[in-house]
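# Survey of secondary and tertiary structure
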Amino acid sequence: MEKIMHISSDLRDWIVQTLRSGVNPESIVDAMIKKGFDATFSYRTILRIVGNQTIKTSTLSESPYIYEIPEIGRKGNEIQTNDRIIHVLSRINQPFILQFENLLSFDECDELIHLSKGRLLPSQIIDSKTGLVKSVSGRTSKGMYFKLGENHLIETIENRISELTNFPIENGEGLQVLNYQVGEEYKPHFDYFPPASISTHKGGQRIGTLLIYLNDVPSGGETVFPKAGVSIVPRKGTAVYFHYGNSKGQVDRMSLHTSIPVLEGEKWVATKWIRQGRIY
Ligand code: PD2
Ligand code: ZN
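Presented here is a report on the structure given in the accompanying data block. (Residues numbered from 1 in each chain as written. Chains lettered and ligands numbered in written order. Predicted model: local features only at pLDDT ≥ 70, side-chain atom pairs only at ≥ 80, totals over all residues. Heavy atoms only, no water.)

### A few points about the coordination of the zinc ion (ligand 2)
This is how it is decided: Shown as donors are all N, O and S atoms within 2.8 Å of a metal ion, widened to 3.2 Å for Na, K and Ca; because water is not in the atom set, sites may appear incomplete. Exposed residues in this analysis have more than 50% of their type's maximum accessible area, buried residues have under 20%, and partly exposed residues fall in between, with area computed by a 1.4 Å probe over protein chains only.
Protein ligation of the zinc ion (ligand 2) involves His-189 (NE2), Asp-191 (OD) and His-257 (NE2), the donor distances falling in the range 2.1 Å. The sequence pattern formed by the donor residues of the zinc ion (ligand 2) is H-x1-D-x65-H. When sorted by exposure, His-189 lands in the same class as Asp-191, which is buried.

Written out as structure tokens, the structure is:
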């Protein structure tokens, strides 16, 4: 089979951010080769990116991201779910970002923190080469995952998220809880997988993320979207949803985001990543 000798600007951006978040260059080269890229081309490309040199990108998949309003964005400003009304606090259409209040009660936030505390481990990412999780330097928080429907609280939250987003529970990855202490951060990254490496099994590409803030942070710890100039301050029980995958399989580079260092106190947040199809 002929090897691939060009990369799209989406893939280049993903590589740049992934390197910045601490993933080592060899794993990216290996992942490229595994996906059918020419080995020499892969090494050269990564070397150029590491050395901050420009690289030519192919125009094959250069078409601009086409924004589609996801169903969560068509529900008005007061969204009634089975057990509570969730209010929209702010909205941006490009990139698509919605901020909510009252997604979780204070008791639910406290309970999630309580259930997570004894299970926290250094945060990890999925290695695109091995498919296994591993630690990287750009992500200094600690975290843990709940299994889908692991207990009554998780079931309640997953049902609510599914009602809010209109995605089936099975499109969601297990809820992740993160804890950041002073100075800890999650460097700028995309939540979607490298566009060239997507297969349709296991739900395929990630298309949306819901971040639920579980406490108030006295200083720092905002979720920042640097390309959109947006900064979300963590407030207990509020949440932010951002959507970055469309029905054409494109991903939105404007969704680049980061958790900036906590300056005072600590930060607790729950992440629900949503895939285009059912994972389970
Ligand atoms: O904790 C956050 O604010 C944050 C920021 C960016 C979490 C994630 N990304 C994530 O879990 O993907
Ligand atoms: Zn993220």
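### Section: helix H4 (residues 106-117)
Definition in use: Secondary structure is summarised from DSSP: a helix means a run of H or I of at least four residues, a strand means a run of E of at least two, and numbering begins at the N terminus for each. Expected span of a helix: the number of residues minus one, times 1.5 Å. Here the arc refers to the set of directions running from the helix axis out to each C-beta atom. Pairs of residues are marked as contacts when any of their non-hydrogen atoms sit within 4.5 Å.
Under the 1.5 Å per step criterion, the end-to-end length of H4 is 17 Å for twelve residues, consistent within 8% with the ideal 16 Å. Those residues of H4 that fall on the buried side of the exposure criterion are Glu-108, Cys-109, Leu-112, Ile-113 and Ser-116. Along the long axis of H4, the arc covered by the buried residues comes to 135 degrees, so they all point the same way. Along H4, the residues that are exposed and aim more than 90 degrees away from the buried face are Phe-106, Asp-107, His-114 and Lys-117. Residues of H4 that are buried sit in contact with strand S7 (142-145), helix H5 (152-165), strand S8 (176-180), strand S10 (206-213) and strand S17 (267-275).

### A closer look at the side chain of Thr-156
Structurally, the position occupied by Thr-156 is in helix H5. Judged by relative accessible area, which is 17%, Thr-156 ranks as buried. Ignoring any residue separated from it by four or fewer positions in sequence, one finds Thr-156 in contact with Asp-83 and Glu-108.

### Remarks on the site of ligand 1
For clarity, the threshold we go by: Proximity criterion: a residue is near a molecule or strand once any of its heavy atoms comes within 4 Å of it. Throughout this description, a polar contact denotes any pair of N or O atoms lying within 3.5 Å of each other; where both atoms belong to protein, one of them has to be capable of donating a hydrogen while the other can accept it, and for residues adjacent in sequence the pair is counted only when both atoms sit in side chains. A 1.4 Å probe that fits into a set of points on a 1 Å grid over the protein atoms alone but cannot get out defines a cavity; an open set with protein on both sides within 12 Å along at least five of seven lines defines a pocket, and lining residues are those with an atom within 4 Å of a point. Whether a molecule sits in a cavity or pocket is decided by its atoms, more than half of which must lie within 2 Å of the grid points. Asp, Glu, Lys and Arg are counted as charged, while Ala, Val, Leu, Ile, Met, Phe, Trp, Tyr, Cys and Pro are counted as nonpolar; the rest, among them Gly, fall into the polar class.
Ligand 1 sits among 15 residues. The nearest are Tyr-180, Thr-223, His-257, Lys-267 and Thr-271. In this structure, a nitrogen atom belonging to ligand 1 sits 3.2 Å away from a side-chain N or O atom of His-257. Note that an oxygen atom of ligand 1 is positioned 3.0 Å from one of the side-chain N or O atoms of Thr-271. More than half of the atoms of ligand 1 fall within 2 Å of the grid points belonging to the largest cavity. Those elements giving two or more residues to the shell around ligand 1 turn out to be S8, strand S9 (186-189), strand S15 (257-259) and S17. Ranked by the residues each element gives to the shell around ligand 1, the list is headed by S17, at four residues. A per-class count over the shell around ligand 1 returns six nonpolar, seven polar and two charged.

### Describing the pattern of salt bridges
Note the following rule: Salt bridges, as used here, are contacts in which a Lys or Arg side-chain nitrogen is within 4 Å of a carboxyl oxygen on Asp or Glu.
Applying the stated rule across the entire model yields 13 salt bridges. Residues Glu-158 and Lys-272 are paired through a salt bridge, measuring 3.5 Å at the closest nitrogen-oxygen approach. Here the residue Glu-158 occupies a position in helix H5, and Lys-272 occupies one in strand S17, the gap between them amounting to 114 residues. Two residues, Arg-235 and Asp-216, come together in a salt bridge whose shortest N-O distance is 3.2 Å.

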